[in-house]
Each structure stands twice: as structure tokens, then as C-alpha cells.
Amino acid sequence: MSSPAPLRTALSANFGGLPRPFWIVFAGMIANRIGTMVVPFLVFYLGSRGITTAQTGGIVVALGAGGMFGPLLGGLLADRIGRRPAVIIGLVATPAGLGALLAAPNAVTLGVAAALLGLTSGIYRPAASALVGDVVGTDLRGKAFSLLHWGFNIGTAAASAGAGYLAGRGFWLLFLLDGATCLVYAGIVLVGIPKDLPRPKVTKAPGSGGYGVVFRDRLMVAHMALSLLGITIYTQTEFTIPLAIRSDGLSPAVFGMVGVANAVLVVALQPVLYGRLSGLPRVKVLAASWALIGLGVASTGLAHQAWQYVLTVVVWSLGEVVNGVVAGAIVTDIAPEEARGRYQGAFSWVWSAARLAAPVIAVGLFTTIGPAALWWGCAVVGLLTAVATVRLTGAVERRLSVTQQVETKVLEPA
């Protein structure tokens, strides 16, 4: 019989060494993502309520507007009252937003409820990321955030598989499961994460209590600006690829195939690529991800048949995996300990801003200049973003060196 040693070595390399609080967050996040069904099916739910296309657009914008403020509030709470209570507050508040959306009687109140849902659902994420940054050291930080991205996609794939079935039997089931899994995640954190986790240091310097500490940090601002460009390209996969598929006269089922292919590739490749990329400089890995995403999304312009669309998914999905290995860790590397919540909140805000910008850019270019301008723009901006990101390597490594010295002093016996 062959020795199980190679298998144990592989499992240890991908999953070993991480503390218990991390696995609590990981398990809760997967449970929560499995139930995240309302927002992906929001357009279909609004259609079942008789909401017009124009009204639906306004409600979706309201959801995005609320999502701009949720991460900022969550990051602030994480630094002010602690990571654990901030996570719990966000997860308990989200079902209230879901209930308001389900009960709203007309388009106006649906818009208000959507904004509330966008706000509440964004609170817990930066707090959870800051918690992981607190309990995982710099050497294992890349592994931790890579696994979070992997688990996120496992939950998303499961949700996609079940949401269509449940929606056919009543949209209220989506709301029920979504709210229930938020409460399950809150319960897991309440029971599994100890109250005596290290609290962030309270800084007394003037102006240090808000987001000024983030926006005065030129390195973080540069990272956010470049990430905004890269993420805006990535989110074209949600808005522009469906437009292209429809323009080619293909069935919506083709977009379903694209989503399934993406989920399978991410879940399969993330554990494999982590071991190969973990020893490389994180910023250079991030730069490679922007290039892959830009070229992958741009290659959509070459696709006109179902199999061609699925083939293009391989390139940008590989970029997503590479990005997931390092992106969350880099923010924690840059952030001072006492402001990790706000740094993660600001980075989550970048995602929300990109999700608002992407459809505007997509529809504007697609319907005026033409699809070719959009695809060429994705390629050029992706490559330029990659080149500019590489130039941050030295600054991030110097910041990380300082962070490691601080953590070493904290761990030294008195």
C-alpha cells in the first residue's frame, strides 16, 4: 500500500497551521454564502412583483448605494467596539433588511428597503477580515485569505444550484433561507469566537478615529485606486458578458454555463495554485491577476458561440483565483493593527464602487461606441493596472517588514 504521507503533506500545506477562530469564520462564511440567494435573484423577484424595468433599475442602484456605506460602517465598528461584536451586529441586522424588502408594498418602499439591505449586508465583511488579520500571522495570512476566497466560491456555487429550484416554488423561500443562514453565521461566531480576543488599540491622535487614517496613507490609496480599475474590469463578467451573449442571440442558459464553469474552476484551482504562488511576492502575484482578468474579459469579444464563451471563462477565472490568493492579505499587510477594520472597510468600499461603475461603463460603451471599444479597453486597462501594481512592490514589502517587527515584539515574552 502507498504511504499516506504525501496526502498528509498536501493537506497540511493547504489547510494546516491556522488557528481555531479562523476556522470558525470560515465555516460561518460558507453557511452564510449557501443561503445568499435574494440579491442574485433580485431582478426576477421584482419582476414577479410587477415592477417595471425602469423601476427595477432604480431599485438596483439603491441596493448598490446602500452597499457603498455598509463596509465603511462595518470597518469603523470593528475598530471601535471590536471585530466579534461588529460581525454579529451586521449578521443580525441583515435579516431586517431582507424582511423589509419582502414586505415592501410598492416601488418606492422597495427602493428604501434595498438600500437598507445593501447597508446591513456589507457590515460584517470588513470586520470578519480584520478578525482574521488579528489571529493569523503574516506567514500564514496568504493561506487564510486564499481559503476564505475558496470557501466563498464553494458557498456561492451551492447557492446558485439551489436558488433557481426554490424560486420556482416561491421567492419567500429565498428570503427565509438567506435570513436564516445570516443568523446561523451569527450564532457560530457568538459561540465559537471567544470574547477575549485581542482588542484593537485605541489611538488618541487627532483625526485618527475615522477614515482619515486610511486616506492619508498614500500606499493604501494607490492600492485602492489600482484595485478599483482591476475590479471594475472583473465585474464586467456580471454585467457585460450577459449583454454580449444576448447580442449573439444565444440563450440565457449560456450565461448559466459561464457561471458554473467559473465556480468549478475556482473551487478546483484555488488549493492547487496557492502552494505554487504562496512563496512569490504578493504584489507581483496581484499584478499578474489583473493582467489575466483584463485579457480574459477582453477575449469575450472573440466569442460568438456557447463553447467559445465557456473557453474565455478559463482565462479570467484563473485571474480570479490568482487574485484570491493574495488580495485580502495585502490589505492586512498594509494596515496598522489598530486600523485593520477601517482598511478592510475601505477596500470593501472599492468593490461596491466598482459594482456601481461597471454597469454604467458597460452600457455606455456597449450601446454608443460599440462592444469592441469595451473589450479593447478591458485589455489595455488590465495590462496598465498590472504594470502600475508591480511598482508598489517595494513600498508594500517595506510596510510588511515594519508590521512583522511589531508583531514579533508583541509575541515576545515580557
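None of these values were measured; they are calculated from a predicted model.

1. Details of the overall build of the protein chain
Stage number 1. Counting secondary structure elements, the protein chain contains 18 helices and zero strands.
Stage number 2. Each of the 414 residues in the protein chain was classed as buried or not, and the buried ones make up 50%.
Stage number 3. Accessible area of the protein chain: about 18500 Å², with a carbon and sulfur share of 71%.

2. Remarks on the packing of aromatic side chains
Stage number 1. Under the criterion given, the structure shown has eight aromatic pairs.
Stage number 2. With centroids separated by 6.1 Å and ring planes inclined at 80°, the aromatic side chains of tyrosine 234 and tryptophan 351 adopt a geometry described as edge-to-face. Of the two residues, tyrosine 234 is situated in helix H11 (residues 218-234) and tryptophan 351 in helix H16 (residues 340-367); the sequence distance between them amounts to 117 residues.
Stage number 3. Look at tyrosine 234 and you get buried, because its relative accessible area is 12%.

3. Quick notes on the side chain of serine 227
Stage number 1. With respect to the secondary-structure elements, serine 227 resides in helix H11.
Stage number 2. Since its relative accessible area comes to 1%, serine 227 is described here as buried.

4. A closer look at the pattern of salt bridges
Stage number 1. Within this structure, the stated rule accounts for six salt bridges.
Stage number 2. The closest approach of N and O atoms between arginine 83 and aspartate 79, which form a salt bridge, is 2.6 Å. Here the two residues arginine 83 and aspartate 79 agree in accessibility, since each one is buried.
Stage number 3. Between arginine 342 and aspartate 79 there is a salt bridge, with its nearest N and O atoms 2.6 Å apart. One end of the pair, arginine 342, is in helix H16; the other, aspartate 79, is in helix H4 (residues 53-81), and 263 residues separate them in sequence.
Stage number 4. By relative accessible area, arginine 342 is classed as buried at 6%.
Stage number 5. Classification of aspartate 79 as buried rests on a relative accessible area of 7%.
Stage number 6. Overlapping salt bridges bring together Asp79, Arg83, Asp134, Arg340 and Arg342 as one network.

5. Observations regarding the confidence of the model for the protein chain
Stage number 1. Scored by pLDDT, the protein chain has a mean of 83; 90% of the residues are at 70 or more.
Stage number 2. Model confidence for the protein chain, summarised as mean pLDDT per element, is weakest for helix H1 (residues 5-15) at 54 and strongest for helix H14 (residues 282-298) at 94.
Stage number 3. Contacts for the low-pLDDT stretch residues 410-414, under 50 throughout, to residues beyond four places or in other chains number zero contacts.

6. Concerning the nonpolar core
Stage number 1. Counting 57 residues, the largest nonpolar core has Val214, Met220, Val297, Tyr309, Trp316, Ile334 and Tyr343 as its most contacted members.
Stage number 2. When contributions to this core are tallied by element, the ones reaching two or more residues are helix H10 (212-215), H11, helix H12 (236-247), helix H13 (252-277), H14, helix H15 (306-334), H16 and helix H17 (371-390).
Stage number 3. No other element matches H15, which puts 11 residues into this core.
Stage number 4. Sequence-distant contacts of tyrosine 309, defined by excluding residues within four places in its chain, comprise Ile241, Ala244, Ile245, Asp248, Leu250, Val254, Val258, Thr300, Ala303 and His304.

7. Notes on the packing of H11 against H15
Helix-helix packing is characterised by the crossing angle of the two axes and by the distance between the axes.
Stage number 1. It is at 12 Å that the axes of H11 and H15 come closest, and there the two elements cross at 160°. Relative to H15, the element H11 lies roughly antiparallel. Seen along the crossing, H11 lies across H15 with a hand that is left-handed. In contact with Leu219, Met220, His223 and Tyr234 of H11, H15 contributes Trp316, Glu320, Ile330, Val331 and Ile334.
Stage number 2. Across the contact of H11 with H15, the residue classes break down as seven nonpolar, one polar and one charged.

8. As for the environment of tryptophan 172
Stage number 1. Relative to the helices and strands, tryptophan 172 resides in helix H9 (residues 171-192).
Stage number 2. C-alpha of tryptophan 172 to C-alpha of valine 38: the two residues are 134 residues apart in sequence and 9.3 Å apart in space.

9. Brief notes about the packing of helix H2 (residues 20-34) against helix H7 (residues 124-135)
Stage number 1. At a minimum axis separation of 9 Å, H2 and H7 run at an interaxial angle of 155°. On the basis of the axis angle, H2 is roughly antiparallel to H7. Seen from above, H2 lies across H7 with left-handed handedness. Between H2 and H7, the contacting residues are Pro21, Phe22, Val25, Asn32 and Arg33 on the first element and Tyr124, Arg125, Ala128, Leu131, Val132 and Val135 on the second.

10. Quick look at H2
Stage number 1. Taking 1.5 Å of rise per residue, 15 residues should cover 21 Å, and H2 covers 22 Å from first to last C-alpha, within 8% of that figure.
Stage number 2. For H2, the elements touching its buried residues are helix H5 (83-103), H7, helix H8 (138-167) and H9.

11. Digging into H9
Helical periodicity: at 3.6 residues per turn, an α-helix aligns residues three or four positions apart in one direction.
Stage number 1. For H9, spanning 22 residues, the distance from its first C-alpha to its last is 32 Å, which sits close to the expected 32 Å at 1.5 Å a residue.
Stage number 2. Those residues of H9 hidden inside the fold are in contact with H2, helix H3 (42-48), H5, H7 and H8.

12. Things to note about a nonpolar patch on the surface
Stage number 1. Residues Leu295, Trp307, Leu311, Val314, Val315 and Leu383 make up a contiguous nonpolar surface patch of roughly 540 Å² in combined accessible area.
Stage number 2. When residues in the nonpolar patch are grouped by element, the largest group, four residues, is from H15.
Stage number 3. Relative to the assigned elements, valine 314 resides in helix H15.
Stage number 4. You can call valine 314 partly exposed: its relative accessible area is 39%.

13. Let's talk about the environment of alanine 346
Stage number 1. Relative to the helices and strands, alanine 346 resides in helix H16.
Stage number 2. Given the relative accessible area of 0%, alanine 346 is considered buried.
Stage number 3. Sequence separation between alanine 346 and proline 126 is 220 residues; the distance between their C-alpha atoms is 8.4 Å.
Stage number 4. Sequence-distant contacts of alanine 346, that is, excluding residues within four places in its chain, are made with Leu72, Tyr211, Val214 and Met224.

The rules behind these values
Residues numbered from 1 in each chain as written. Predicted model: local features only at pLDDT ≥ 70, side-chain atom pairs only at ≥ 80, totals over all residues. Heavy atoms only, no water. Helix = DSSP H or I, 4+ residues; strand = E, 2+ residues; numbered from the N terminus. Buried < 20%, exposed > 50% of the residue type's maximum accessible area, 1.4 Å probe, protein only. Areas by Shrake-Rupley, 256 points an atom, 1.4 Å probe, with all protein chains shown as cover. Phe/Tyr/Trp six-rings, centres within 6.5 Å; stacked < 30°, edge-to-face > 60°. Salt bridge = Lys/Arg side-chain N within 4 Å of Asp/Glu carboxyl O. pLDDT = per-residue confidence, 0-100. Contact = heavy atoms within 4.5 Å. Core = buried A, V, L, I, M, F, W, Y, C linked by side-chain atoms within 4.5 Å. Axes fitted to C-alpha atoms, helices over the stretch in contact; angles between N-to-C directions. Parallel < 35°, antiparallel > 145°, perpendicular 65-115°, else oblique. Left-handed = near helix turned anticlockwise from the far one by under 90°. Nonpolar A, V, L, I, M, F, W, Y, C, P; charged D, E, K, R; others polar. Expected span 1.5 Å × (residues − 1). Patch = residues over 30% accessible without salt bridge, like charges linked within 9 Å, V, L, I, M, F, W, Y side chains within 5 Å.

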